[in-house]
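# Residue-level structural notes
Next come the chains, spelled out residue by residue.
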Amino acid sequence: MIDVLGTAALWSGLAASLAAALTWPRARSRARSRALAVGGTAAALVAAILAFLLLETALVTHDFSVGFVARHGGREVPLFFTVTSLWSALEGSLVLWLLILTGVAAVAARARDPLQPVAMTVVMLVCAAFFALTAFAADPFVPADPVPANGPGPDPLLRGHPLMGVHPPLLYLGFAALVAPFGYGVACLVTGGTAAARIRAWTLAAWVPLTAGIVLGAWWSYGVLGWGGYWEWDPVENASLMPWLLATALLHAVRTRALVTWTTPLAVGAFLLVLLGTFLTRSGAVASVHSFTRSEAGPALLGLLTVALVGAGGLLARRSARRPRPAGRPDPALLLGCALLTVLAGTVLLGTLFPAVAGLLHGEQVSVGPPYYDRTVVPGLLALVVLMGAGVRRAGRGLAVPVAVGAATVACLGFTGRHPVMALATFGAAAFALAALAGRLPGPSARERLDRRRAGALLAHAGVALAAVAIAASTAYAEENQGRIQQGRSLAAGGYSVRLDGVERARTGDAMTATARVTVTREGRFVGVLRPALVFFPARGGSPVARPAIHGGFAGDLYVSVTEIDQEGGAVMLRVAVNPLMGMLWTSGGVTALGGLLALLPAGRRRTRTTGRSGPSERASSPDEPSSPDEPSSPDEPSTPSAPSPPSAPPMAAAPSASPAPSASSAPSASSAPSASSVPPAASGAARRTARRGGVSSA
């Protein structure tokens, strides 16, 4: 029964998505059409929810008549990993993707603006494409034949860490939310209008979970795979990094009219990279521990990606001859930061696709490993940290103090010992950026206040700088030792001594575990007992999965993993590593995501008292009012677009100022009416001219 209802839900979602896509173009002029379009969007969401709940019910109740449950379920699997096994394989992950994608569409359907009908048409076409993909090529509800008595459970790598319940949904949320900027970007190309507010709000809403998902994915890799690292430039890791880089560039470009020509290509390109990542993950085109097996969905995804590329490329080419002229010159650091982020995304894309293209053309297996990225991407990321500090400089304050702090950091470290050049440069750049950020904090007697958006901007940039320090330290100063030892013997690394006390074997459920019990001391002092292990799942087969033991804190980790255990002699192949500042790395990732979340929260309005020709008056103003095109705001003065209630763009890793600059498209276009609650740009510019003559004070 579940298989029939699940397949019916997928087909119903496809029908509802197509109906909504056909109805949205008429929604602007006809109230009835809008109601039907919103209803069709909601119906698609209901269908996705129903499919998700049915598949979860089948997994939890062990209904092995459903094909997906027969292949990825198991009676001995703990309940938590039974639930998360829905997104452990291709078909189930597409159902989760549909749930989040239609949820984004339903939220986007609630807004009202002139470009919404075209944007929602694009979004619902994407929803229809993924419903069709799931129903035709990856239906998880296909009945099992024959029906087994039990299943093998999910992939062993996906059932050993609680982050399995958080990391994939966060990434999917970030990926799916980028469909809204994509829809508005296409709408801008089709109509010639502007939608900076919507693009900025949705991009920020995608950037926060995408940032958190990438950081948690690195943490998961560090704690599960047993190799002691957290980022290997794996193709699927890169597939999440590339949209993040373009989304970061977009969030900075959309905040100034001087970069208006960047907004639409970046909004379209970010989601195209999401589609590319979806293809790489679910087609088997690349070899990765994250990718799913080759399936019928691969060609269908390639077709969807091709259609999107050709369509978006054609629209961009058609609009290139009539693109809007930038309003003024952008801040050099901001321009360089956006350009560098875009170039870095392209560099990662080249390294990711080159092995697949070379294999297709020449039939040779070519690998592009960390050395390529270390030489091309890492220096660019270091330059971004420098540009970030330069971009947050404050009006009336130069960079002398931050430069002095950075130079002093390099000098002090240089005198204390020999350090790798790249690590030393990173520490100096991060000190420079942090000092520049600290200079943006209001002093005790300052009249300005640090609102949530500005605080979020500073916090996110500070998190990026701290992450750069942690990455440089964990890469340059890590120590490790590996060897085969017998019971009672020790292995040393980084001042720690790890003694093997014995091997314990146990069977729990469908898992067989061999655990090495080791005692850790440092300079003769007892530190603790650790239990790294190897876990084998006979029903799944394959190689054992490492379960490392980690002892550490903010300053660093002692990382102990087992790679091999002799069946007879009891000898163990141990790997011991000391990784500095790992706690700082995870903390900085949380700080960055938290900063973006603060920037996403709406800023309150404040009362501003103005003195004009007719005397003083009061009006309500947002801290982000737009300035007129001919009267740019000061570097410390945020601006917001005229669309209703948009969240502000977040601070990211490129080189923006910590507070928003004038919006790229906040002036109403010819096809859009200004918000009833917004102040006209001319009035805002006049108010600022009056303010500079001393006629404005905050109430």
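Only a predicted model underlies this, so the values are computations on that prediction, with no experimental measurement involved.

In terms of residue burial, helix α7 (residues 167-177) counts as a mostly covered element, since eight of its 11 residues are buried. Within the sequence span of α7, burial applies to H167, P168, L171, Y172, G174, F175, A176 and A177.

So, about the pairing of strand β10 (residues 572-580). Within a regular beta strand, the side chains point alternately toward one face of the sheet and then the other, so they alternate between its two faces. For β10, the buried fraction is high: nine of the nine residues fall into the buried class. Burial along β10 is two-sided: V572, L574, V576, V578 and P580 facing one way and M573, R575, A577 and N579 facing the other are all buried. Here strand β1 (residues 479-485) runs beside β10; their pairing, made up of seven bridges, is antiparallel. Bridge pairing in β10 links E479 to V578. Note: strand β9 (residues 556-565) against β10, nine bridges, orientation antiparallel. Counted as the bridge partner of I565 is V572 from β10.

Our focus in this paragraph is the pattern of salt bridges. The final tally for this structure, using the stated rule, is 10 salt bridges. The shortest N-O distance in the salt bridge between R575 and E480 comes to 2.8 Å. One end of the pair, R575, is in strand β10; the other, E480, is in strand β1, with 95 residues separating them in the sequence. Looking at R575, the relative accessible area reads 11%, which means it is buried. The salt bridge involving R517 is made with E504; its shortest N-O contact spans 2.9 Å. Residue R517 is found in strand β4 (residues 511-522), and its partner E504 is found in strand β3 (residues 496-508); the two are separated by 13 residues along the sequence.

Turning next to the packing of helix α5 (residues 90-108) against helix α11 (residues 260-283). Relative to each other, α5 and α11 sit at 155 degrees, their axes nearing to 11 Å. By the criterion of interaxial angle, the relationship of α5 to α11 is roughly antiparallel. Considering only the axes of α5 and α11, their crossing is right-handed. From α5, L90, S93, L94 and W97 reach across to α11, where they touch V274, T278 and R282.

So, on to the pairing of strand β5 (residues 525-530). As judged from the five bridges shared by β4 and β5, these two strands associate in the antiparallel manner. Across the sheet, V520 pairs through a bridge with G528, a residue of β5. Turn length for the β4-β5 hairpin, with the two strands adjacent in sequence and antiparallel, is two residues, and the turn residue E523 shows positive phi of about 55 degrees.

For the rest of this paragraph, the subject is the layout of surface pockets. Of the pockets and cavities examined, the largest pocket occupies roughly 1,500 Å³. Around the largest pocket sit 47 residues that line it, and Y230, W231, L381, A467 and I471 are the ones nearest its centre. Among the elements that line the lining of the largest pocket, the one with the most residues is helix α17 (residues 452-476), at nine residues. A breakdown of the residues in the lining of the largest pocket according to their chemical character gives 31 nonpolar, 11 polar and five charged.

How each quantity is defined
- Residues numbered from 1 in each chain as written.
- Predicted model: local features only at pLDDT ≥ 70, side-chain atom pairs only at ≥ 80, totals over all residues.
- Heavy atoms only, no water.
- Buried < 20%, exposed > 50% of the residue type's maximum accessible area, 1.4 Å probe, protein only.
- Helix = DSSP H or I, 4+ residues; strand = E, 2+ residues; numbered from the N terminus.
- Pairing = 2+ DSSP bridges.
- Salt bridge = Lys/Arg side-chain N within 4 Å of Asp/Glu carboxyl O.
- Axes fitted to C-alpha atoms, helices over the stretch in contact; angles between N-to-C directions.
- Parallel < 35°, antiparallel > 145°, perpendicular 65-115°, else oblique.
- Left-handed = near helix turned anticlockwise from the far one by under 90°.
- Contact = heavy atoms within 4.5 Å.
- 1 Å grid on protein atoms, 1.4 Å probe; cavity = no way out; pocket = protein on both sides within 12 Å on 5 of 7 lines; lining within 4 Å.
- Points joined across faces, edges and corners; volume = space filled by probe spheres on them.
- Nonpolar A, V, L, I, M, F, W, Y, C, P; charged D, E, K, R; others polar.

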